[in-house]
Amino acid sequence: MIDGFLALYLFMLAAFTGHEIISRVPVILHTPLMSGSNFVHGIVLVGAMVALGRADTPLEQVIGFIGVVLGAGNAVGGYVVTERMLQMFKSSGQKKKESA
Amino acid sequence: MQGLVPASVATVAIDFSYLLVAFLFIMGLKAMSSPVTARRGIVVAGVGMLIGTLMSFLYPGMGNFPLMLVAIAVGGGLAWWSGRIVAMTDMPQMIALYNGMGGGAAAAIAAVELLRMASGAEGAAQHGPVVTALAAAGAFIGAVSFSGSLIAFGKLQGLIKRSFRFKGQQFVNLLITAATIGLGAWIVASGHPTMQMVVGFFALALVLGVTMTLPIGGADMPVVISLYNAFTGLAVAFEGFVLENAAMIIAGIVVGSAGTLLTQLMAKAMNRSLANVLFSGFGEGAAVAAEGVTGALKPIEPSDAGVMMAFAQKVIVIPGYGMAVAQAQHKVWELCQLLIDKGVMVRFAIHPVAGRMPGHMNVLLAEAGVPYDLISDLDEINAEFDTADVALVIGANDVVNPVARTDKSSPIYGMPILNADKAKNVLVIKRGQGAGFSGIENHLFYLDNTRMVYGDAQKVAAELIQAVKAAG
């Protein structure tokens, strides 16, 4: 599906996308950005699932199992803390609306 | 082994779902770059993650489903629980921990792939040298990120109290790096790695993460955490290539490049190169900086400080790690609300590297309920100190030290700082008389217009509240 030069193009375009999305972010959003991107690489979970799914020997199964545990932790933990932090960010206007 | 649905159907469905996943991740991250849409952004990305995970069960030729479900329940459950209960002040170490888990997962994927090559199992994909090299590179970076993040977690959590430094440490790290890369190259070149080679490779990479992180001090943690975040992203992308998984490649590279940019921002805010943060302990050779301090530290009672603020027109608050340690953010905001009710203009000034992770102070202030439009970063606020009656420094030190502007011999010379010294009056809430993290005397504290309020930030803030109330 993905081979050779096509993969290099994918690498390059994705790198530019990442750079473009977050250049010129204000300091106030550094944490959501970092925590959110921390969550996004939790997609490693699907890779770990495939690795465990294909594992044959007990050793491979143990390592694959650890991989899925860690990957699920990354994805779920990253989501929970990012969501918790983001729901706290409010402007003066939003606060007035809430208290009204 | 038979998959859950026919292979041809499953492959097409999975490919389409991963395309959708990549799209949702990018849209989600994009939304996270504005405070108005950020909350929606994480939900969008979360939907992507859910779709990707569910569809991956359909992969052709997979087994071990019970194990998989148990693993997801265990990892996800523990992370859910810990993520819900963690205090906002402890957020940096939790993010480091989750990030390390991702790196570990990437390394585990590589381990399984390399072990399958080693065992020469029937039906095991015999990867070419390029793919093997990517697997090994991802394993290396992922393992370093894993053990390094665990050490960062230990340090931030206070489990590891001191920084371990010895002469020739950089040389030892270099040696371990070279050995790891050498072993990795051997694995790639051999095409059929032995079990010993694979085990040795991972052991070395894990040790490197530990020895690399141990000497790095607390104030450098914003740089380290975002660096390891970028590392994990890269490792995930490399393993994505090995598994021919487009969602992993795109998400990993996007995070890798975003994390690299953030790391550079952090390093720049400290006026240090990344290499300098990683490879040289801070504070060494800083002893000379105590010279040239004139004047004395002038303490002030909280009651007097409160009156000073109550009759000010404009107060700029500069929080630092000390506020996080004292959990003072709620009291500080209570104080500021009182001042605002009295007609005082209150602003918060945040230095990019204040605290222990990028944006740490913003999170704490948001937790206390401070609206984000009152919070300004360095470039916005620095011109305003001239017009401020009071600059209130709470547990911040090096980021307001004027020697960064004036003293070329100082180790922090050139670091962008908040110009608190330009305010008419400076109040500094500080636990004791010691120097900051870097061990550099802070000339701000000795200025004629500076007064020191000693004590725990939370306690002092409570006393200031009483004083402001009493001032009518």
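Anything mentioned here points back to the structure above.
Keep in mind that what you see is a predicted model, and the values were worked out from it rather than measured. Numbers given for residues are sequential positions, taken from 1 along each chain in its written order. Here the convention is simple: chains get letters from A, ligands get numbers from 1, in the order in which they are written. pLDDT decides what is reported in this predicted model: residues at 70 or higher carry local features, side-chain atom pairs at 80 or more are listed and counted, and totals for whole chains, interfaces and linings draw on all residues regardless. Side-chain metrics in this entry use all non-hydrogen atoms of the structure; hydrogen atoms and water are not considered.

## Thoughts on the overall build of chain B
Which entries qualify depends on this criterion: Numbering of helices and strands runs from the N terminus, with a helix taken as a DSSP run of H or I at least four residues long and a strand as a DSSP run of E at least two residues long. Note on exposure labels: buried denotes an accessible area under 20% of the residue type's maximum, exposed denotes more than 50%, and partly exposed covers the range between, all computed with a 1.4 Å probe on protein chains only. We call two residues contacting when some pair of their heavy atoms lies within 4.5 Å. Only the protein chains shown count as cover for residues, and all accessible areas are computed by the Shrake-Rupley method using a 1.4 Å probe. Under the convention used here, Asp and Glu are negative, Lys and Arg are positive, and both His and the chain ends fall outside the count. The atoms used to mark charge sites are NZ of Lys, CZ of Arg, CG of Asp and CD of Glu.
A count of helices and strands for chain B gives 17 helices and six strands. Its C-alpha atoms put chain B at 80 × 50 × 35 Å along the principal axes. Looking at chain B as a whole, 58% of its 472 residues are labelled buried. Put simply, 78% of the contacts in chain B that link residues at least 6 apart link residues at least 24 apart. When the accessible surface of chain B is split by element, carbon and sulfur atoms take 64% of a total near 18300 Å². Here chain B contributes 27 positively and 28 negatively charged side chains, and the mean placements of these two sets differ by 3 Å.

## Some thoughts on the interface of chain A and chain B
Stated precisely, the cut-off is as follows: For salt bridges, the criterion is a side-chain nitrogen of Lys or Arg within 4 Å of an Asp or Glu carboxyl oxygen. What qualifies as a polar contact is a pair of N or O atoms within 3.5 Å, subject to a donor-acceptor requirement within protein and to the restriction that residues adjacent in sequence count only when both atoms come from side chains.
The partner chain B presents 104 residues to the 79 residues of chain A that form the contact. At the junction of chain A with chain B, the criterion picks out three salt bridges. A salt bridge links E60(A) to R116(B); the nearest nitrogen and oxygen atoms lie 3.8 Å apart. Our count for the chain A to chain B interface comes out at 18 residue pairs in polar contact (both at pLDDT 80 or more).

## Describing the sheet that holds strand β4 (residues 390-394) of chain B
Residues and elements named next belong to chain B. Counted only if it meets this: Here, any two strands with at least 2 DSSP bridges between them count as paired. To obtain each axis, a line is fitted to C-alpha atoms, and for helices this fit is confined to the stretch in contact; angles are then taken between N-to-C directions over 0 to 180 degrees.
Across the sheet, which stays open at both edges, the six strands sit in the order β3-β2-β1-β4-β5-β6 with parallel pairing between neighbours. For this open sheet the edge positions go to β3 (375-377) and β6 (450-454), each flanked by a neighbour on one side alone. Within the sheet, the average angular offset between the axes of one strand and its neighbour, ignoring direction, is 25°. Taken together, the five bridges between strand β5 (residues 425-430) and β6 define a ladder with parallel strand orientation. Looking at β6, one finds that V426 is bridged to T450.

## A word on the pattern of salt bridges
Counted according to the given criterion, the structure contains eight salt bridges over all chains. The shortest N-O distance in the salt bridge between R39(B) and E83(A) comes to 2.7 Å. One end of the pair, R39(B), is in helix α2 (residues 38-56); the other, E83(A), is in helix α4 (residues 58-86), on a second chain. In this structure, E384(B) engages R347(B) in a salt bridge whose closest nitrogen and oxygen atoms are separated by 3.2 Å. Placement of the pair is E384(B) in the loop between α15 (378-381) and β4 and R347(B) in strand β2 (residues 345-350), with a sequence separation of 37 residues. Taken individually, E384(B) and R347(B) each receive the classification buried, so the pair is uniform in this respect.

## Focus on the environment of K469(B)
Its location among the elements puts K469(B) in helix α17 (residues 457-470). Through-space distance from the C-alpha of K469(B) to that of V86(B) is 33 Å; in sequence the pair is 383 residues apart.

## Observations regarding helix α7 (residues 195-213) of chain B
All names here are of chain B. Worth spelling out the cut-off: To estimate how far a helix should reach, multiply one less than its number of residues by 1.5 Å. The arc in question is traced by the directions running from the helix axis to the C-beta atoms.
With 19 residues, α7 should cover 27 Å at 1.5 Å per step; its first-to-last C-alpha distance of 28 Å lies within 8% of that length. Looking only at α7, the buried set comprises M197, V198, F201, F202, A205, L208, G209, M212 and T213. Buried residues of α7, seen end-on, are gathered within an arc of 130° and therefore sit on one face of the element. Here the buried face of α7 lies against α4 (91-119), α5 (129-156), α6 (169-190), α8 (221-242) and α10 (274-279).

Function cannot be read off these values alone, since they describe shape.
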